[in-house]
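Given next are the chains, with one letter for each unit.
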Amino acid sequence: MSDSLDIREYDAVVVGAGHAGCEAALALARLSVKTILFTVSVDSVAMMPCNPNIGGTSKGHLVREVDALGGEMGKNIDKTFIQSKMLNKSKGPAVHSLRAQADKKAYSDSMRKVLEGEENLTLRQGEVTELLVEGGTLTGVKTYTGTIYHCRVCVLCTGTYLKARCITGNVSSYTGPNGLQAANYLSDSLRELGIELRRFKTGTPARMDGSTIDYSKLEPQYGDERIVPFSFSNTPEELEREQAVCWLTYTNPETHAIIRENLDRSPLYSGYIQGTGPRYCPSIEDKVVRFADKERHQVFLEPEGNYTNEVYVGGMSSSLPEDVQEKMYATVPGLEHAKIVRNAYAIEYDCINSLELLPSLELKKVKGLYSAGQANGSSGYEEAAAQGLVAGINAARRVAGKEPVIIDRSQGYIGVLIDDLVTKGTNEPYRMMTSRAEYRLLLRQDNADERLTGLGYEVGLISQERYKKFREKLSQIERERERVANTYVGNTAEVQSLLEKYNSTPLTSGISLAELIRRPELSYDKLAPLDRDRPVLPEEITEEVNIQLKYEGYINRQRKQVEQFHKLERKKIPAGIDYSQIGNLRKEATQKLAEIRPESVGQAARISGVSPSDISVLLVYLEQYGRRKEADAP
């Protein structure tokens, strides 16, 4: 190379400082890897270009798992939320999900402060334009200014910036979200490496001037009195604060009529937008067309922070022309005279075909190159953070010469998310949902630490002090379970009276408190008047005791299912296997297995197009393959 080249040396480069990039960079730096984090604008660190909240159904699970592993998102939203609410409380614990409204600017500023204070981490404004690869192994990156950064690993967290195009009506601007600079060169570098890219689309609604909204026509939505922290390192008492109010309103037939009358001007229906949009987060145009029988759709008005009047119009994302947007929003009760601060828009962007990835989130075709977040075809801040953390951990482990960490489907929603992406792929922006997790009774938001904090400690992201507190929590839960199992009550008048109060069957003989807790109409807290020796314990302990006892039968049943799952996961498939040599394997299965190259029989069984009969054929072949290897061994 010429001496005139400007060359810098780092162990790791992270491209993009969104939610994935922040987690990846922090994980790398905290695992003693010298890291540089690039962003198109240092003012966009951990930016929330769409909804002003963290968590929600299934997404709250991801945030708690990120925290349990030693990530930052949970801690940061705990610092900066303006309203907190546990969703689905009327349903079973498997679908309870925490969601918090964020002060967007505070969230971004707080995360930037964390990044800037982290040893081993440099935050740098600049655009990475080229990946440098020699012999299939990443050696560095080049920036727009021509500077080369040699590195051992790189994590791509490009979000929605690759060749981004923002669209309102027939007007488009080649920028990233919120008018930020797009990344226009890296896509070409990826294609030159033989990596398949796709064109996806997402969108966002308008923001209104809150001072022009008529709140008298809206239904207030309040936060919970008792705050449940996202981070297991925080307590409810530490997070008490005055909370903001969100508001609920609805669209109506007049709204829908305006949309229908202008569908020919919608870039979604005119063909102006080429990218594939998210099925589970449709625009208001999509809702009106797809659900033509519905007379109204919910609209949530969410403040974007404590120091701004901007209000997010949740549920009404759109790419309709500006004049149509003004008419459409003005039909919604409360918004008749509201002034738009920012128009709704759609955004198209390039992303990687997620089947190009290994379960470690390393690219199959380039050693040392990892990818996370919307760059992998997913959607959402939480999905991005989860992937970023895993990619960062595994990139750090590659630098240290260690095996990657793979979280499986029975360990966490993170495992479900990544396995779905790398095994099944996605033809649209992927969104996490509780229904995707087959072991969701085991993967509750309340026990994320029990499932993953041990792993976080082993990896090196959980401190000795935090791990010690976690172990004490487990001991407290076990001691209390044992106590209530050995505490008995008889058929006294007091006991019968309490049972009658909750329409529970009267006793004919003595029974343990644990057996009573298992009754659907009773709980640990409802039995408190009968529990003379009940200790004073934190609510997180008593909640866990109640759930474990009440759902013990279902939990044990799912654990047996997990045992069967692990049997297939343990059956590893040799890396160099030639699927075309397996007789009786269907052509589609042969093609899919050769493309995805699953690491285990369990992963192979989850590939779309691979049938149970194909798996039977594969198992027979692997047994014969193993015997041949043994016979050939010296």
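Just above sits the structure.
Treat the numbers as computed from the prediction; the structure is a model and nothing was measured.

Participant: So what exactly am I meant to see when it comes to the pairing of strand E5 (residues 81-87) here?
Facilitator: A regular strand places its side chains so that they alternate between the two faces of the sheet. With 6 of its 7 residues buried, E5 lies for the most part within the structure. Examined bridge by bridge, E5 and strand E6 (residues 97-102) share 6 bridges and lie antiparallel to one another. Note that in E6 the partner of Leu 87 across the bridge is Ser 97.

Participant: Help me understand the packing of aromatic side chains, please; the structure alone is not making it clear to me.
Facilitator: Aromatic ring pairs: the centre-centre distance and the angle between the two ring planes describe each pair. Counted by the stated rule, this structure contains 7 aromatic pairs. Measuring from centroid to centroid gives 6.1 Å for Tyr 10 and Tyr 149, while their planes differ by 40°, and the two rings are tilted. Taken together, the residues span a long stretch of sequence, with Tyr 10 in the loop between strand E1 (7-9) and strand E2 (12-15) and Tyr 149 in strand E10 (residues 148-150) at a distance of 139 residues. Tyr 149 carries the same exposure label as Tyr 10, and that label is buried. When the ring of Tyr 467 is compared with that of Phe 470, the centres are 5.9 Å apart and the planes differ by 40°; the resulting orientation is tilted. With Tyr 467 and Phe 470 both in helix H13 (residues 464-485) and 3 residues apart, the pair spans about one turn of that helix. Of the two residues, Tyr 467 and Phe 470, neither departs from the other in class, the shared state being buried. Pairwise contacts between aromatic rings join Tyr 10, Phe 38 and Tyr 149 into one cluster. Over the ring of Phe 232 we find Arg 64, and its NZ or CZ is 4.1 Å from the ring centre.

Participant: Explain the pairing of strand E21 (residues 345-352) here, please?
Facilitator: Along E21, 8 of the 8 residues are buried, which leaves the element largely enclosed by surrounding structure. Because side chains alternate across E21, one face comprises the buried residues Tyr 345, Ile 347, Tyr 349 and Cys 351, and the other comprises Ala 346, Glu 348, Asp 350 and Ile 352, equally buried. Alignment of strand E12 (residues 165-168) against E21, held across 3 bridges, turns out to be antiparallel. Considered in E21, the bridge of Arg 165 is made with Glu 348.

Participant: What should I look at first to understand the packing of helix H10 (residues 381-399) against helix H11 (residues 413-424) in this one?
Facilitator: The relative placement of two packed helices comes down to the angle between their axes together with the axis-to-axis distance. Running from N to C, H10 and H11 point in directions that differ by 85°, and their axes come no closer than 10 Å. Classified by the angle between their axes, H10 and H11 sit roughly perpendicular to one another. Here Glu 383, Ala 386, Gln 387 and Val 390 of H10 come into contact with H11, specifically with Ile 414, Leu 417, Ile 418 and Leu 421.

Participant: What is the right way to look at the environment of Leu 248 in this model?
Facilitator: Tracing the backbone through its elements, the reader meets Leu 248 in strand E17 (residues 246-250). Placed 51 residues apart in sequence, Leu 248 and Val 299 show a C-alpha to C-alpha distance of 5.8 Å. Setting aside anything within four residues of it in sequence, one finds Leu 248 in contact with Leu 218, Glu 219, Gln 221, Gln 298, Val 299 and Phe 300.

Participant: Got a minute to help me understand H13 in this structure?
Facilitator: Every α-helix winds through 3.6 residues per turn, so residues three or four apart in the chain are directed the same way. Between the first and last C-alpha of H13 there are 32 Å, a value that for 22 residues agrees with the 32 Å anticipated at 1.5 Å per step. Turning to H13, its buried residues are Arg 466, Tyr 467, Phe 470, Lys 473, Ile 477, Glu 480, Arg 481, Arg 483 and Val 484.

Participant: Whenever I open this one, the pattern of salt bridges confuses me. Can you help?
Facilitator: For side chains bearing opposite charge, pairing can occur when the charged atoms are close. Evaluation of the coordinates by the stated rule reveals 49 salt bridges. The partner of Glu 116 in a salt bridge is Arg 112, with the nearest N and O atoms 2.9 Å apart. Of this pair, Glu 116 and Arg 112 both sit in helix H4 (residues 104-116), separated by 4 residues, roughly a single helical turn. Classification of Arg 112 as partly exposed rests on a relative accessible area of 25%. Counted as one network, the salt bridges with shared partners bring together Arg 409, Asp 419, Asp 420, Lys 424, Glu 438, Glu 569 and Arg 606.

What counts as what
- Residues numbered from 1 in each chain as written.
- Predicted model: local features only at pLDDT ≥ 70, side-chain atom pairs only at ≥ 80, totals over all residues.
- Heavy atoms only, no water.
- Buried < 20%, exposed > 50% of the residue type's maximum accessible area, 1.4 Å probe, protein only.
- Helix = DSSP H or I, 4+ residues; strand = E, 2+ residues; numbered from the N terminus.
- Pairing = 2+ DSSP bridges.
- Phe/Tyr/Trp six-rings, centres within 6.5 Å; stacked < 30°, edge-to-face > 60°.
- Lys NZ or Arg CZ within 6 Å of the ring centre and 35° of its normal.
- Axes fitted to C-alpha atoms, helices over the stretch in contact; angles between N-to-C directions.
- Parallel < 35°, antiparallel > 145°, perpendicular 65-115°, else oblique.
- Contact = heavy atoms within 4.5 Å.
- Expected span 1.5 Å × (residues − 1).
- Salt bridge = Lys/Arg side-chain N within 4 Å of Asp/Glu carboxyl O.

By themselves, these observations are geometric and do not establish any function.
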